[in-house]
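# Tertiary structure, described
Here is how the chains run, residue by residue.
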Amino acid sequence: MPETPNINDIKLIKLNREKVENEIIKPKDDKIMELYQENLKLHNELSKQVNLVNKAEKYQKERDSILADNRELHNQVNNIKAEYKEKEFDIEWKYKSKIKSLEKENTHLHKIIDKFYETVDKFIVWICHKFGIGESKELVRDFEKETNTLIDPVKQLKHEKREKEWDLEK
């Protein structure tokens, strides 16, 4: 037969059981519950931080996209400036070239007009001498008086302009 345990041993085991339960198991269960609650809080906080990280990544991507667009716009502006400078140079060169051409033409026309004045003056003197009319200045004065036309084209243009102004005033 098996040995029967001693009643004192059974009481001791029962007391030890309550003591183990109160001093070890119950505090352990309380600690587990406390750790579980903290774990839940940490899990919630971690979820919030994950959401924040996701948002931060989204904003970082948007920022990178905006910076890339900004660089592209700066490149476009620089290209437009370069094109503008090139076109400005071309237009300025054409403009200066045209001015030079017109100045040469103007100088040439002045030379022709001066030569024409000289030739007309010589022609008038020659006619006066050839036909014995007398002084060339008298011939020019008579011509201008009878025809109401001046030999000097600059003076003639001014005279015609004044006549137009007088006609408009009437």
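Above this text is the structure in question.
All of the points below concern the structure found in this document. This structure is a prediction, so every number in the text was calculated from the model and none was measured.

### Section: the overall build of the protein chain
Counting its secondary structure elements, the protein chain contains three helices and zero strands. With 170 residues in all, the protein chain has 4% of them scored as buried. Accessible surface for the protein chain amounts to roughly 16600 Å². Of this, 58% is attributable to carbon and sulfur atoms.

### Overview of unusual backbone geometry
A positive phi is found at Asn148, a non-glycine position, where the angle reads about 55°. Locating Asn148 in the fold gives a position in the loop between α2 (136-147) and α3 (153-169). Take Asn148: its relative accessible area is 48%, and that puts it in the partly exposed class.

### Some points on α3
Given a rise of 1.5 Å per residue, 17 residues ought to cover 24 Å, and the 24 Å separating the end C-alpha atoms of α3 matches this to within 8%. At the N-terminal boundary of α3, the capping side chain belongs to Asp152, with an oxygen 3.1 Å from the backbone nitrogen of Val154.

### What about α2?
In this model, α2 (twelve residues) spans 16 Å end to end at C-alpha, consistent with the 16 Å of a helix rising 1.5 Å per residue. After α2 finishes, the residue Asn148 shows a positive phi value of roughly 55°.

### A short note on the side chain of His159
By secondary structure assignment, the location of His159 is in helix α3. Given a relative accessible area of 18%, His159 falls into the buried group. When residues no more than four places from it in sequence are discounted, the contact partners of His159 are Asn148 and Leu150.

What counts and what doesn't
- Residues numbered from 1 in each chain as written.
- Predicted model: local features only at pLDDT ≥ 70, side-chain atom pairs only at ≥ 80, totals over all residues.
- Heavy atoms only, no water.
- Helix = DSSP H or I, 4+ residues; strand = E, 2+ residues; numbered from the N terminus.
- Buried < 20%, exposed > 50% of the residue type's maximum accessible area, 1.4 Å probe, protein only.
- Areas by Shrake-Rupley, 256 points an atom, 1.4 Å probe, with all protein chains shown as cover.
- Expected span 1.5 Å × (residues − 1).
- Polar contact = N/O pair within 3.5 Å; in protein donor to acceptor, adjacent residues only side chain to side chain.
- Contact = heavy atoms within 4.5 Å.

As far as function goes, none of this settles anything; it's purely spatial.
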